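# Inside the fold
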Number of protein chains: 2
Amino acid sequence: MNGAQSLIRTLADAGVEVCFANPGTSEMHFVAALDSVPGMRGVLGLFEGVVTGAADGYARIAGKPAATLLHLGPGLGNGLANLHNARRARTPIVNVVGDHATYHRRYDAPLDSDIEAVAGSLEGWVRRSEHAKDVGADAAAAVAAAQDAPGRIATLLLPADASWGEGGETAAPVPPRGPRAVDATTVRDVAGVLTGGEPVALITGGDACREAGLRATGRIAAATGARAFAETFPARLERGAGLPAIERLGYLGEQVAQQLDGVAHVVVAGAKAPASFFAYPGRPSDLVPEGARVHVLAEPGQDVPRALADLADLVAAGTEPVLQEPSRPALPSGPLTLQNWAEVIGALLPERAIIADEANTSGLALPAATAGAPRHDVLTLTGGAIGFGMPVATGAAVAAPDRPVIDLQSDGSAMYTISALWTQAREDLDVTTVLLNNGAYAILRLELQRVGADGGPKAAELLDLSRPEIDFVGIAEGMGVPATRATTAEELAEQFRRALAEPGPHLIDAIVPPLL
Amino acid sequence: MNGAQSLIRTLADAGVEVCFANPGTSEMHFVAALDSVPGMRGVLGLFEGVVTGAADGYARIAGKPAATLLHLGPGLGNGLANLHNARRARTPIVNVVGDHATYHRRYDAPLDSDIEAVAGSLEGWVRRSEHAKDVGADAAAAVAAAQDAPGRIATLLLPADASWGEGGETAAPVPPRGPRAVDATTVRDVAGVLTGGEPVALITGGDACREAGLRATGRIAAATGARAFAETFPARLERGAGLPAIERLGYLGEQVAQQLDGVAHVVVAGAKAPASFFAYPGRPSDLVPEGARVHVLAEPGQDVPRALADLADLVAAGTEPVLQEPSRPALPSGPLTLQNWAEVIGALLPERAIIADEANTSGLALPAATAGAPRHDVLTLTGGAIGFGMPVATGAAVAAPDRPVIDLQSDGSAMYTISALWTQAREDLDVTTVLLNNGAYAILRLELQRVGADGGPKAAELLDLSRPEIDFVGIAEGMGVPATRATTAEELAEQFRRALAEPGPHLIDAIVPPLL
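Residues numbered from 1 in each chain as written. Chains lettered and ligands numbered in written order. Predicted model: local features only at pLDDT ≥ 70, side-chain atom pairs only at ≥ 80, totals over all residues. Heavy atoms only, no water.

### A few points about the UniProt feature "domain: Thiamine pyrophosphate enzyme TPP-binding" (unreviewed entry) in chain A
We count it as follows: UniProt positions are given in the numbering used here, feature names are shortened, and annotations may be inferred rather than shown by experiment. Helix numbers and strand numbers start at the N terminus; a helix is a DSSP run of H or I with at least 4 residues, a strand a run of E with at least 2.
Mapped onto this structure's residue numbering, the UniProt feature "domain: Thiamine pyrophosphate enzyme TPP-binding" (unreviewed entry) falls at residues 374–509 of chain A. Helix makes up 41% of residues 374–509 of chain A and strand 19%, and the two end C-alpha atoms of the span are 25 Å apart.

Below you can see the structure in the form of structure tokens.
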């Protein structure tokens, strides 16, 4: 058994069943070894940002890591932005980065670079397997490291000779470290805050944004009157009819100021104390209201849902959460607006949908329009590195072939990782992309105003995507994805219905006005 | 004057006239400041790999750096692969990477990451401007550092508050360090090797692949019988009728073994001693023939063309180089083959063309087919990170609006940075892309064989691009570039002629068979 075979067998034995791959020469033995291990599926991406984003989306839905296969430092570099998002989502991922043979590195061949430095920037787990006999054990350690609570990116550097060398040994799975318990004193202290008679905001994050955490949060809010929020960009937020409706903290500081206005205490549970996404001249970075105290119920890596349940048992015994009633917007009509496209989605969202949300400025109406829709998951842009929606939707669809995946996708962001469409076509994934085509980096027009910068025509030019207009129908069909264009709510509804009814990927180029 | 204004004025004063940009919120003051400086042109790319590749192509042709504008760590990450190629080309580039305001970093906001670690992997120059008043001086230092011989990547991290803060001061240009002279003893020693009666190979690289270096090399070869080669992947190789024809070292070790067979001495001038691009089981990494001695005439950073001229004066006084005769292949006919598409290019290559060569396995016939064409420049894939051709062609066209730019582009490689087409359309650049569409990662099929790995159907699947077929006509037109498809030599000739005759970008989707 060579090192590559021991690697893939070890990964498969540890439950890693999918490898999103963009291989090169140094990975050829890994590629060849895929055929000798039945438990591993290889999924090709045409760009590494697709590969890493797909691994993120896969793990957010599957609840376990996929592997990636990347080609030396430049391959890791191309994958870095979506690994950044995955780091912020605390998504477990096992990167396998092929490298030159150990004895080849001293020649400083063209593709040689400091891979460790780049991998290290992800603040996860990094190891280089120097010998074929170590590869299996290193792979088992990587899978465990990725899954140690709360989840991280593990990067295994695989020199070509460790991959092709004989003497590989499959290693048994290493159990990952589960979440640490929150001690009872902390829970009691926070219970005291919640029942102390002063206004409290409770901000939850991480896996507290899934059903158990939401129910506990809903009970606490119902019993104590605390205002409950999910963090601004949760990795996976469960919502819809039948679940407690927990509002997300806003992206803009002004929104957060309004949401937290008047609170004397901010309790965080698996989330950070609120801070501005960006800094702005003359505006605060720290969004904790002046004079309010921050209390940490649980940190990421602790058992946040359990702590919330314990807290609920103390302050909300016998109280049930308020659940979202089923309700959908009426199907709208007329030319597409920023309001009515979201109503179309809310009106037609299928059962058990997974939404990859990279709608950005076009999506402001979306939370309200979908609040009472059937229960669904929303995957958000945790790290702010745009180009996440199409790959994450791709990976989510691999993880859940029985669920409809809907990518609500800004035009500018789409262009970073557009070749994800090809992987969707190749794998026949049930992804419906609603491409919100406003011909602009509208978020930057907003931000240019907000930072107080006066731009002239050159500045405006750098925020414009309309010259030339991007025809996403042509691009999608060029990559094998059936596509249509919608300019009215009626067209969007008809095309969205049809896309959901047919298997496989579809794209709807929805022409919407820019926010500004 | 704010920091951003001082930055752009300093760059423009130092001769940096173009900024390839993909900005975000933290760069908004830089974007706004563009309108206050007439000497700086902003060129938008929809993905940072396009931005950095364009900066590489620009500088290879303009002979001076462009700036890039990138958005925090993920933006730099997306640009890293083409910066890797630029590092290997020793291309001067000034990256401006926007970062959070200095006081904002302690909040560990979603887009925060270790930018220094990633920038440091480029082994160039990295500095963070902490205050608006320092930005001008730091920018002047960055431009000089980028241009210090032999050229490197300078990365200036620009916190948002240093950008928007008042007190910016324009700094005068700092003269870069020119190349160091090669001492006369070294030249004499190498002259002794060349005239010593034993067979010698002379391998040149860097700026020795331009006219002056080629002429000196040609004289030396003519006078001494030395076999002259250019390095495998020169940043910019001048060639064609009227210049000495210097063959490039091969990509495969077997080719190099044949080229260097029997030599007793290898003289390197601005190039490395030959080594294999990748390691292969049972094959040597070191490609210097056994028993041959390596002599360094000049290293990168030294004045390599001058050293070659001095050497020529010693060993080739009165000898003229053998110049390439004008000659073109006849226009071929019939279905496209790996031979005849290259002949079409050779037959029709216009005067003063710039070729971005990412033809990879489809381009094996190209050097011979274009050898006697009118004089032209070839820009090659110096660092092996694919996805270089479209962006580099884009930047070259910005640098030389009066020259035809031809991107000979593999399909797989094209998909990494395909949105460069949109920038070509937006800027109305005279780039003709010949998209060599073989439906495969053919290089990896070759490499899978060469590394001795036995792949089965799963392996074959990861090297296949034909399911679904990629329709580059649809994709190009979707991004505003007129496109046609060619399946025969006649069609390619007709479409290539027409593309050259019309201004602005064109793409020809040339359906070719895979090498294997």
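### Observations regarding the packing of aromatic side chains
We apply this condition: Stacked, edge-to-face and tilted labels apply to pairs of Phe, Tyr and Trp rings (six-membered ring for Trp) whose centres lie within 6.5 Å, assigned for plane angles under 30 degrees, over 60, and everything in between, in that order. Exposed residues in this analysis have more than 50% of their type's maximum accessible area, buried residues have under 20%, and partly exposed residues fall in between, with area computed by a 1.4 Å probe over protein chains only. To sit over a ring, a charge needs its Lys NZ or Arg CZ within 6 Å of the ring centre and within 35 degrees of the ring normal.
In total, this model carries 13 aromatic pairs over all chains according to the counting rule given. Judged by centre distance (6.1 Å) and plane angle (70 degrees), the rings of Phe20 of chain A and Tyr58 of chain A are edge-to-face. Placement of the pair is Phe20 of chain A in strand β1 (residues 18–21) and Tyr58 of chain A in helix α3 (residues 48–62), with a sequence separation of 38 residues. Tyr58 of chain A carries the same exposure label as Phe20 of chain A, and that label is buried. Where Phe233 of chain A meets Phe277 of chain A, the ring centres are 5.7 Å apart and the plane angle is 70 degrees; that geometry is what we call edge-to-face. Residue Phe233 of chain A is found in the loop between β8 (227–230) and β9 (237–239), and its partner Phe277 of chain A is found in the loop between β11 (265–269) and β12 (293–298); the two are separated by 44 residues along the sequence. Grouped by ring-pair contacts, the aromatic residues Phe47 and Tyr416 of chain A together with Phe47 and Tyr416 of chain B constitute a single cluster. Across from the ring centre of Tyr280 of chain A, 4.1 Å away, lies the NZ or CZ of Arg450 of chain A, which sits over that ring.

### What to know about the pattern of salt bridges
Pairing between side chains of opposite charge can happen when the charged atoms of each approach one another. All names here are of chain A. Put simply, the test is: Each salt bridge in this description consists of a side-chain nitrogen of Lys or Arg and a carboxyl oxygen of Asp or Glu lying within 4 Å of one another.
Per the stated rule, a full pass over the model turns up 62 salt bridges over all chains. Close ionic contact of Asp471 with Arg485 constitutes a salt bridge, the shortest N to O distance being 2.6 Å. You can see Asp471 sitting in the loop between α18 (457–461) and α19 (472–478) and its partner Arg485 sitting in strand β17 (residues 483–486), a full 14 residues away along the chain. For Asp471, a relative accessible area of 27% corresponds to the partly exposed category. What makes Arg485 partly exposed here is its relative accessible area of 36%.

### What to know about the sheet that holds strand β6 (residues 153–159) of chain A
Residue and element names in this part refer to chain A. For clarity, the cut-off: Here the rule is simple: two strands pair whenever DSSP picks up at least two bridges between them. The convention used is that axes are lines fitted to C-alpha atoms, helices contributing only their stretch in contact, and that angles between N-to-C directions extend from 0 to 180 degrees.
Strands sit in the order β2-β1-β3-β4-β6-β5 across an open sheet of 6 strands; the sheet is parallel. Looking along the sheet, the strands with just one partner apiece sit at the ends: β2 (41–44) and β5 (125–128). Averaged over all pairs of adjacent strands, the angle between their axes in this sheet comes to 20 degrees, without regard to strand direction. Sheet analysis places β5 next to β6, joined by 4 bridges and oriented parallel. For Arg127, the partnering residue across the bridge sits in β6 and is Leu156.

### Remarks on the nonpolar core
Applied cut-off: Here, nonpolar core means buried Ala, Val, Leu, Ile, Met, Phe, Trp, Tyr and Cys residues that are tied together by side-chain atoms lying within 4.5 Å of each other. Whether two residues touch is decided by their heavy atoms; if any such pair falls within 4.5 Å, the residues are in contact.
Residues Phe20, Phe30 and Ile418 of chain A together with Phe20, Phe30 and Ile418 of chain B are the most contacted members of the largest nonpolar core, which totals 208 residues. Apart from the residues within four sequence positions on either side, Phe20 of chain A is in contact with Val43, Val51, Ala54, Ala55, Tyr58, Ala66, Ala67, Thr68, Leu69, Gly395 and Val398 of chain A.

### Here we look at the packing of helix α3 (residues 48–62) of chain B against helix α4 (residues 72–89) of chain B
All names here are of chain B. Heads up, the rule is: Should an angle lie under 35 degrees it is considered roughly parallel, over 145 roughly antiparallel, and from 65 to 115 roughly perpendicular; all remaining angles are considered oblique. Should the near helix be turned anticlockwise from the far one by less than a right angle, the crossing is left-handed, and should it be turned clockwise, the crossing is right-handed. Residue polarity is assigned by list, with Asp, Glu, Lys and Arg as charged and Ala, Val, Leu, Ile, Met, Phe, Trp, Tyr, Cys and Pro as nonpolar; anything else, Gly included, falls into the polar class.
Where α3 contacts α4, the two axes come as close as 6 Å, and the packing angle between them is 25 degrees. Of the possible angle classes, the one that applies to α3 and α4 is roughly parallel. Every pair of crossing elements has a handedness; the one defined by α3 and α4 is right-handed. On α4, the residues that touch Glu48, Gly49, Thr52, Gly53, Asp56 and Arg60 of α3 are Gly75, Asn78, Gly79, Asn82, Leu83, Asn85, Ala86 and Ala89. In the contact of α3 with α4, the residues fall into 3 nonpolar, 8 polar and 3 charged.

### Some points on the domain arrangement of chain A
Residues and elements named next belong to chain A. For clarity, the cut-off: By convention here, the domain bounds are inherited from an automatic or database domain assignment. Joining two parts hides part of their accessible area as seen by a 1.4 Å probe, and the buried area is that hidden amount summed over both. Pairing of N or O atoms within 3.5 Å defines a polar contact, subject to two protein rules: one partner must be a possible hydrogen donor and the other a possible acceptor, and residues neighboring in sequence count only if both atoms are side-chain atoms.
Split into domains, chain A comes out as domain 1 (3–164), domain 2 (184–324) and domain 3 (339–511). For domain 1 versus domain 2, the distance between C-alpha centres works out to 35 Å. Between domain 1 and domain 2, the residue contacts involve 7 residues of the former and 6 residues of the latter. Between domain 1 and domain 2, the buried area comes to about 560 Å², and carbon and sulfur atoms account for 50% of it. For domain 1, the biggest contributors to the area lost against domain 2 are Arg60, Ile61 and Arg90; these three give 63% of the whole. If you look at where domain 1 meets domain 2, you find 0 salt bridges. Summed over the shared surface of domain 1 and domain 2, the result is 3 residue pairs in polar contact (both at pLDDT 80 or more). For the side of domain 1 that touches domain 2, the secondary structure elements donating two or more residues are α3 and α4 (72–89). Its residues assigned to classes, the side of domain 1 that touches domain 2 comprises 4 nonpolar, no polar and 3 charged.

### Points about the relation of the copies chain A and chain B
The condition is simple: The fit set for superposing copies consists of C-alpha atoms from residues with pLDDT of at least 70 in both; the fit itself is least squares.
Laying chain A over chain B is done by rotating through 180 degrees and shifting 0.0 Å along the axis; what remains is an RMSD of 0.0 Å. Expressed as an axis order, the relation between the two copies is that of a two-fold axis. Of the C-alpha atoms belonging to chain A, the one lying closest to the rotation axis is found on Ile475 of chain A, 2.1 Å away.

### Some words on the environment of Ile511 of chain A
Residue and element names in this part refer to chain A. If you trace the backbone, Ile511 turns up in strand β18 (residues 506–511). The partly exposed category is assigned to Ile511, whose relative accessible area is 31%. Distance from Ile511 to Ile115, taken between C-alpha atoms, is 41 Å for residues 396 residues apart in sequence. For Ile511, the residues in contact, after removing those within four places along its chain, are Leu336, Asn437, Arg485, Ala486 and Thr487.

### Some words on helix α9 (residues 211–224) of chain A
Spacing of three or four residues puts side chains on the same side of an α-helix, whose turn is 3.6 residues. All names here are of chain A. Here is the rule we go by: To estimate how far a helix should reach, multiply one less than its number of residues by 1.5 Å.
Along its 14 residues, α9 runs 20 Å from first to last C-alpha, staying within 8% of the 20 Å computed at 1.5 Å per residue. Regarding α9, the residues found buried are Gly213, Leu214, Ala216, Thr217, Gly218, Arg219 and Ile220. Tucked into the core, α9 has its buried residues touching α8 (184–194), β7 (200–204), β8, β9 and α11 (304–315). Gly225 occupies a position one or two residues after α9 and carries a positive phi of about 80 degrees.

### Topic: the interface of chain A and chain B
Taken residue by residue, the interface counts 98 residues in chain A and 98 residues in chain B. In terms of surface lost to chain B, no three residues of chain A exceed Arg426, Lys458 and Leu462 of chain A, which account for 9% of the buried area on that side. Counting the contacts that link chain A with chain B gives 8 salt bridges. Counting every contact that joins chain A to chain B gives 50 residue pairs in polar contact (both at pLDDT 80 or more). Sorting the residues of the side of chain A that touches chain B by element identifies α2 (28–33), β2, α4, α5 (115–120), α16 (420–426), α17 (442–450), α18 and α19 of chain A as the ones contributing at least two each. The greatest single-element share of the side of chain A that touches chain B, amounting to 9 residues, is contributed by α4 of chain A. Considering only residue class, the side of chain A that touches chain B consists of 53 nonpolar, 27 polar and 18 charged.

### A look at the packing of helix α12 (residues 340–348) of chain B against helix α20 (residues 489–501) of chain B
Residue and element names in this part refer to chain B. With their axes 10 Å apart at the nearest point, α12 and α20 run at an angle of 35 degrees to one another. Here α12 and α20 pass one another in a crossing that is right-handed. Between α12 and α20, the contacting residues are Asn340, Trp341, Val344, Ile345 and Leu348 on the first element and Ala489, Leu492, Ala493, Phe496, Arg497 and Leu500 on the second. For the contact of α12 with α20, the per-class residue count stands at 9 nonpolar, 1 polar and 1 charged.

### A closer look at the side chain of Gln424 of chain B
Residues and elements named next belong to chain B. Looking at the secondary structure, you find Gln424 in helix α16 (residues 420–426). On the basis of relative accessibility, which here comes to 0%, the residue Gln424 falls in the buried class. A distance of 3.0 Å separates the side chain of Gln424 from the side chain of Thr394, its partner in a polar contact. Sequence-distant contacts of Gln424, that is, excluding residues within four places in its chain, are made with Met390, Thr394, Leu429, Val431, Thr433 and Pro505.

### Focus: α3 of chain B
All names here are of chain B. Compared with an ideal rise of 1.5 Å per residue, which puts 15 residues at 21 Å, α3 spans 21 Å between its outermost C-alpha atoms and is within 8% of the ideal. In terms of burial, α3 is largely enclosed, as 14 of its 15 residues are buried. Downstream of α3 by a residue or two, Gly63 has a phi angle that is positive, lying close to 75 degrees.

### Topic: the sheet that holds β9 of chain A
Residue and element names in this part refer to chain A. Pairing is mixed in the open sheet, where 7 strands are placed in the order β9-β14-β13-β15-β16-β18-β17. Only two strands of the sheet have a single neighbouring strand rather than two, namely β9 and β17. Recorded for the sheet is a direction-independent mean angle of 20 degrees between the axes of neighbouring strands. Bridge analysis of strand β13 (residues 354–358) against strand β14 (residues 376–380) gives 4 bridges, and the strand direction is parallel. Considered in β14, the bridge of Ile354 is made with Asp377.

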